[in-house]
Each structure stands twice: as C-alpha cells, then as structure tokens.
Amino acid sequence: MRSGGAVSMEKARVFWLANAAWILPVWGGRDMGTYLLHRLFHMVPILVGVSLLTFVLMSLTPGDYYSKLENNPQITREKLEQLRAKAHLDKPWHVRYGYWMSDALRGDLGYSLEYKIPVTELILMRLWNTFLLALTALLIAWLVALPLGIWAAVRKDSWVDRGCAMVAFLGLSIPEILLGLIALLFAYATGWFPVSGVESNRYIGVDTWNAPRLLDRAHHLILPALVLAASSLAGIMRQMRSNLLDTLRADYVTAARARGLGEGWVVGKHALRNAINPLLTIFGYSLAGLLSGAFIVENIFSWPGLGRLTLEALTSQDYRLVVATVVMATALLMVGNFIADILLAWSDPRIRLRE
Amino acid sequence: MSNPPASAAPPSVRPPRTPWQLFWSRLRQRRIALVGGVLLVVLYSAALLAGFVAPYGYEREDRARFFHPPVRPHFSGLRLVVPQSVPVEGRQYQYEMRHDRVVPLRFFVTGDEYRLLGLIRTRLHFCGTDHKDHPVHLLGTDQLGRDVFSRLLHGSQISLSIGLVGIALTFSMGMLVGGISGYYGGWVDNGIMRLCELIMSVPGLYLILTLRATFPPDLSSTRVYLLIVVILSFIGWASMARVIRGMTLSLRERQYVLAARALGQTDLRIILRHILPNTFSYVIVAATLSVPYYILGEVILSYLAVGIQEPQASWGLMLKDAYSNYQHLQQFPWLLAPGAAIFITVLAFNFLGDGLRDAADTKA
C-alpha cells in the first residue's frame, strides 16, 4: 500500500525536475530565498504608490482638519495659520508629501491631528483588533468550510451536498451588512452577546490581564467574527468541493481504487492532498474580502479596529492618520497575499520557477 | 433557406445551431437560473414603474401613523378589504385594527402625483384606498409615517439601477483598457497593469471611502448617485482589465487577427471587432455576478451616511434609518424590509449568474 504512494510521489518529483530543467538556466536556478526577496521588493513601489494616491485624494478634499475651527470666535486667524503651518497644511500637497515621506522613511508617521498622539501608536492599537477579528473569522471559515466541502464532495448529489449548496448560496448572497445587523438584533433580543466594543466597560483603563478579562474579550469577539466568517465560508466550501471532485475524477485516483485501496485512504492521501493546492490561491482573495468585510463589521459592532479608525480620520480630515491607515490596510493585505504566495511556492515548485 | 421543402431535406439534418442558440438552450435547462431571471424581471419592472406600483409617494408623511405595522388585505365577500386602524389612546405607536370596519382596497386609484417613467405626469396608482384617513400600509410605516412599501419601490429605482449603470461603465472601460493593454503589450501594457495592481492592492472599502471623502459630504442625491457609480467603477475596472488583458494576449495570436491586420484594419477596429467579442461569454457571466457589488456599494455608503440623502429613498438609507435606534427595530421589525429586498436581489443575481456560467462553460 505504502509503496504505491511512494512510487507515485517519486514519479511526480522526476516529472517536475524534467520539466523544470529547461527553465533553470534562464533564471539562474532561482531558489526559494531569491523568489521571496523578489516578491518582497515588489511590495515597496505599491506601498509608495498607495501613499501617494491617498495623499492626492486627501488634498483634493474640500477644507482641512482646521476648517471646523474657522467659525470658532475664540481662535484667531493668526492662531489658525500657526496651527496649519505646524501641520504643513499651508503648503501645496507635493511639498507636504515630501515632508511626510522623509519622515516616513525614518519610521515616523507623524502625530495625529485629532488624537495628539503618534499615528503609529494609534494604529498599532487598532491594527491588533482588526487583525484579531480577521484571524478569528479566517480560522472559523476554514475550519468549518474544509470539512463541509470534503463531505459534500464525497457524498456528491446526496442530501448533504444539496444542503451545503443551498447554505453556500444563501451565505454568498446575504450581505455582511445585513447579517451583521441581524446578529446585532439577535444579541439585543436575547441578551446573550454584548453588542459593541472589544471588552466590557469595567475593563477600561485597567492594565491587568487575567482569565475573566480574556473570556470577556472572547465573548465580545464571537458575534463579529461569526458574521465576518459567514461570507467567505461559503466560497471556500464550494471551492473545496469542486477541487476535490476534480481530483476524484483523476486517473491516479481511479488507479488507487483499482489497486484496492480503502476509500478513506484514496480520498485522504491521494485526492485531498492535490485538492488543497488551488485553495491556497483563494486564501489571498479571502483575506481581501475579510479586510473589507471587517470594515463593515467594525462599524456595525463599534469594534475599535482599523476600518473604524479610517472612517473617523476621514470624517475629521486627519490627513496623516488617513494615509497611515490606508497604507497599513494595504500592507496587511499584501502581507496576507505574500504568505499565500509563500505557501503556494512551497507546495508547488512550478510557481517559484516560472515567476 | 429557412424553410426548405420537406421532401428535399432529410429529417435528421438541421441547420447548425449558432453558439447563442446553444447557450440559450443550455441555460433553459437550469431551472434555478430561470427562477433568478424571472425574479430580476419582476424586480426591475417594479422599479421601472415604481411610481405606479407604489400606493404613495416616497416623501408623503402620514403624521397620524408613525411606526404603523403592516396591514394585510383580505377578502370580504368578493372584495379585497383592509381593516381600519385607530391609534390606541395614551400609548405611543400602538394601533388597533378594526376588523369590523373595513375600507375596500381599490385598483387604479388616483393619489399622489408622480412622473411615470420620469416623463408622464399622472396621479394613477395600481392600488390604494379611496379614504384619505384610512391608508393602506402594506409593509407598515417608518419613523416619519412614510409608507415602507412605497419607499422600498422608489428606493429600488436607485439601488437596482446603480448595479446596471455601474457594470456598464466598469465593463466598457475594463474591456477597452484590457484590450489595448493586451494587444499592444510593451510599456503600455506595463504601465496599465501597474496601475491596476495599485488600485487592486488597496482593500476595497478603504479606497471607496477615501474617494468619497474627496467630495463634499452634503451633495444632492442625484450627484451622490453619479458619484457612487463613478467611484465603484473606478475601482472595479482594474480587475476586469486584467482578465481581459490575459484573454487578449492569447486572442491576438489567432489567425483571424493576423488576417485582419493583413487587410489593413486599424488597431482599434481589430480590438473592438475581432478581439473583444470573443471575450463576451466571460464578460456576461462576470457582469451578472458583479452587479451585487454595486448594489451593496450603495447600501454601505448610504448606511455610513455618505450616500443617498433624505428625503430620497434608497435601500441603504432605509437600513440606516431602521438601525438608528435598536429599540425601534426590535418593536418594529418591518423596518428590515429593505434588507430582505437586498437579499432577494443578490440571490437572484447569483442564481442567474451561476446558471449563465454553467451554460457558457462548454467543457462541462
């Protein structure tokens, strides 16, 4: 039994080596390290481009952070000019961008005009919340979707498969905003879940971390994470099902069955391993969806994350904060895609050799 | 040709079916796609004739009936009637249904003035009551006593059309840019693709809201409508252009493209007439499946208070109103009706899109 598997693995390896051999001289035999470095360098111009784009957009915005003080009789015109000069708001946008960029290159993203604390500090606090929310949702989605997808594929056309298909359709069609609002209503009606924030009010300003506090955080996390997981869950489930169905139709699976291997072995060892591979690609996509979805969920559940911070910063025209949050969200997404690429390159040699 | 003599043609020989006929016959076999299609036809017809189907105007406030629950017409003999409702003395937002005193539900009644299809001034409505003091609120009323059903219909004009206008804009731009990028290659391709990457690398909503912030928050609803479409298309075209570029890369090597070039056709004409039509089957499926993106875009922007403004109605705005007060929503669940409408619409588009995809996939 085992020898059969080992032979096919060995064959596969020889096949890839034979196919890859002609690429090697062209690319100088790129290994994993150079591939990753190449991908990493690719991120830099995009991040710079995003910061520039955000800067231009923010400068097109009518008014600025201090516009709302103009009608305040207690603040003189001179004072306002001083404040603007301090925030570089009296200069054209490209000069302002130059100031910002030279600071940013030294790792200083400046002070938030609204909160009067360094933007980096503010974002790190919020980033962690968004990250936690997205990661929990990701875990829920994959841990539920993969077994369901496998189950639906193995029992194709049974009531299980139909049920899963129906649930997936509903999951894909129900917008996060609606699901979030229904969850909120549910929390209000039953009182089982808290409706806003990351923790209860009694922990505000408390620095100690103990078990009840962690439990309280988890309690706050459940509902937003479930809402966020729901939409990507359906997509992953359908993808898993169709991948597994494809591999189950492959010749090597028929061959494995013909050799008299048990069905569990055939599915688990031969089909499933090959079916997982394409899913790594949608890992990146699902992350993009999660980040945008987190924006909505954060606003519905008053979850102090990056999305909410961005919205607040946009409303108050706190330009440094806006640029920093948008760049940070982009970086988060790109790191996610980067991880997906690493996984993909690690599992499929064709990719790192071709790129 | 179309009707040959029966004796000349053997019964087994039929004219070959065109790709579109094949596509249509495959689509008809998928019941769920047809269900989606029929639903969409109904929704869009209702939106088109919203003023006529809706019993009241979207602005009309019934000051005597805030948060009135939905009423269900029933038969009394051969007539459809609705119970009269009377506010309960001393209790806010409570109404007593007087089933012993009913008003008949009439069809083709006169009511609020509106413009049919935006052109014809008329007062004719599909249904309603003759009594001014006893209106029929099929889905209840909101916090200002406005008829939810009527607002839902008027709002669908905005919410549903945004999807169609949005994809029309996105796809024409995406196809043209993608076609040019793939056809010319070189630095043109490089530049365009880097721009696409830039747009696609920012998480969607962050870019949408930043773009929205570059315009004043209190625009009129018509301007906001156009703005939403433009913003959503500005982001949407990038992914479309990338896919079309990929397809063009392989299509431009085909012999008919070479033939067209040998005949001296211009590049633009080759792209528009020979390359892009070959991407249509993909484009139609992708377009159907991406309409919900635009509908939800409007919903989210309106929900975050930077979209359509009062007194106009849109589904996102109605959801925002509904959720401005939790106690209200718990007591008056019919305010969730726009949510159900959004869900049904998205579901219908997904049903249709899924069927189209299966029908266009000739491999299966």
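Bear in mind that the values here come from a model prediction, so they are computed numbers and not experimental data. (Residues numbered from 1 in each chain as written. Chains lettered and ligands numbered in written order. Predicted model: local features only at pLDDT ≥ 70, side-chain atom pairs only at ≥ 80, totals over all residues.)

1. Observations regarding the overall build of chain A
Consideration 1: Scanning chain A from terminus to terminus reveals 14 helices and zero strands.
Consideration 2: Along chain A, from the amino end to the carboxyl end, the secondary structure elements read α-α-α-α-α-α-α-α-α-α-α-α-α-α.
Consideration 3: Expressed as a percentage of the 355 residues in chain A, the buried residues total 34%.
Consideration 4: In chain A, 74% of the contacts between residues at least 6 apart in sequence involve partners at least 24 apart. (Helix = DSSP H or I, 4+ residues; strand = E, 2+ residues; numbered from the N terminus. Buried ≥ 20, exposed ≤ 12 C-beta atoms within 10 Å, placed from the backbone. Contact = placed C-beta atoms within 7 Å.)

2. Looking at the overall build of chain B
Consideration 1: If you tally the helices and strands in chain B, you get 13 helices and five strands.
Consideration 2: For chain B, the proportion of its 364 residues judged to be buried stands at 41%.
Consideration 3: Across chain B, the fraction of contacts at a sequence separation of at least 24, relative to all contacts at a separation of at least 6, is 69%.

3. Topic: the sheet that holds strand β2 (residues 79-87) of chain B
Pairing between sheet strands relies on hydrogen bonds along the backbone, with the strands arranged either parallel or antiparallel.
All names here are of chain B.
Consideration 1: The three strands lie next to each other as β1-β2-β3, forming an open sheet whose pairing is antiparallel. Of all the strands in the sheet, just β1 (74-76) and β3 (95-104) have a single pairing partner and so form its edges. Mean inter-strand twist for the sheet, computed between neighbouring axes without regard to direction, equals 55°.
Consideration 2: As paired strands, β2 and β3 are joined by seven bridges and run antiparallel to one another. Residue pairing for β3: P87 is matched across the bridge by Y95. (Pairing = 2+ DSSP bridges. Axes fitted to C-alpha atoms, helices over the stretch in contact; angles between N-to-C directions.)

4. Some details on the domain arrangement of chain B
Consideration 1: The domain boundaries assigned to chain B delineate domain 1 (54-143) and domain 2 (151-360).
Consideration 2: Counted by class, the side of domain 1 of chain B that touches domain 2 of chain B contains six nonpolar, two polar and two charged residues. (Domains from an automatic or database assignment. Nonpolar A, V, L, I, M, F, W, Y, C, P; charged D, E, K, R; others polar.)

5. Points about unusual backbone geometry
Residues other than glycine predominantly adopt negative phi, and peptide bonds predominantly adopt the trans conformation.
Residues and elements named next belong to chain A.
Consideration 1: Phi at S302 takes a positive value of approximately 50°, unusual for a residue other than glycine.
Consideration 2: One can find S302 in the loop between α11 (263-300) and α12 (306-316).
Consideration 3: Residues other than glycine seldom take positive phi values, yet Q317 does so here, at roughly 60°.
Consideration 4: Tracing the chain through its elements places Q317 in the loop between α12 and α13 (319-347).

6. A few points about the packing of helix α2 (residues 31-48) of chain B against helix α4 (residues 148-184) of chain B
Two measures define how a pair of helices packs: the angle their axes make with one another and the distance between the axes.
Residues and elements named next belong to chain B.
Consideration 1: Look at α2 against α4: their axes get within 8 Å of each other, and the N-to-C directions meet at 110°. By the criterion of interaxial angle, the relationship of α2 to α4 is roughly perpendicular. Here α2 runs over α4; the crossing is left-handed. Side by side, α2 and α4 meet where L43, Y44, A46 and A47 of the first sit next to L153, S156, Q157 and L160 of the second.
Consideration 2: The residue inventory of the contact of α2 with α4, partitioned by class, reads six nonpolar, two polar and no charged. (Parallel < 35°, antiparallel > 145°, perpendicular 65-115°, else oblique. Left-handed = near helix turned anticlockwise from the far one by under 90°.)

7. Digging into the interface of chain B and chain A
Consideration 1: If you look at the interface, chain B gives 30 residues, while chain A gives 36 residues.
Consideration 2: For the side of chain B that touches chain A, the class distribution of residues is 22 nonpolar, seven polar and one charged.

8. What to know about helix α10 (residues 280-303) of chain B
The α-helix winds at 3.6 residues per turn, so residues separated by three or four positions along the chain end up facing the same way.
Residues and elements named next belong to chain B.
Consideration 1: Helix length check: α10 (24 residues) gives 34 Å between terminal C-alpha atoms against 34 Å at 1.5 Å per residue, within 8%.
Consideration 2: At L289, α10 shows its strongest bend, of approximately 30°, with the proline P292 following within four residues.
Consideration 3: Of all 24 residues making up α10, 17 are buried, and the element is well covered by its neighbours.
Consideration 4: Positioned one or two residues after α10, A305 has a phi angle of 70°, which is positive. (Expected span 1.5 Å × (residues − 1). Bend = angle between axes of the 7 residues up to and from the residue.)

9. With respect to the packing of helix α7 (residues 159-173) of chain A against helix α13 (residues 337-360) of chain B
Consideration 1: At a minimum axis distance of 8 Å, the contact between α7 of chain A and α13 of chain B shows a crossing angle of 120°. By the criterion of interaxial angle, the relationship of α7 of chain A to α13 of chain B is oblique. Crossing handedness for the pair α7 of chain A and α13 of chain B: right-handed. Counting all contacts with α7 of chain A, which are made through F169, L172 and S173 of chain A, the residues of α13 of chain B involved are F343, V346, L347 and N350 of chain B.
Consideration 2: Of the residues belonging to the contact of α7 of chain A with α13 of chain B, the class tally is five nonpolar, two polar and no charged.

10. Some thoughts on the confidence of the model for chain B
A low pLDDT score tells you not to read the predicted coordinates there in detail.
Residues and elements named next belong to chain B.
Consideration 1: Here chain B averages 80 in pLDDT, and 95% of its residues register 70 or above.
Consideration 2: For chain B, the element scoring lowest by mean pLDDT is β3, at 73; α2 scores highest, at 88.
Consideration 3: Two summary scores accompany this predicted model of the complex, namely pTM at 0.80 and ipTM at 0.76. (pLDDT = per-residue confidence, 0-100.)

11. A word on the pairing of β2 of chain B
Residues and elements named next belong to chain B.
Consideration 1: In this structure, β1 lies alongside β2, joined through three bridges in antiparallel fashion. Its bridge partner being in β2, H74 is matched across the sheet by V81.
Consideration 2: The antiparallel hairpin formed by β1 and β2 contains two residues in its connecting segment, where G77 sits at a positive phi of about 70°.

12. Details of the environment of H137 of chain B
Residue and element names in this part refer to chain B.
Consideration 1: Of note, H137 is situated in the loop between β5 (120-128) and α4.
Consideration 2: On the basis of neighbour count, H137 is assigned to the buried category, with 24 C-beta atoms found within 10 Å.
Consideration 3: As a C-alpha pair, H137 and S150 span 13 residues in sequence and 8.6 Å in three-dimensional space.
Consideration 4: Apart from residues no more than four positions distant in its own chain, H137 is found in contact with H68, P70, V71, D147 and F149.

13. Description of the confidence of the model for chain A
Residue and element names in this part refer to chain A.
Consideration 1: The predicted model of chain A has a mean per-residue pLDDT of 78, with 88% of residues at 70 or higher.
Consideration 2: When pLDDT is averaged over each helix and strand of chain A, the minimum, 38, is found for helix α2 (residues 23-27) and the maximum, 87, for helix α6 (residues 119-154).
Consideration 3: Residue range residues 1-29 is modelled with pLDDT below 50. Its contacts to residues more than four positions away, or to other chains, number eleven contacts.

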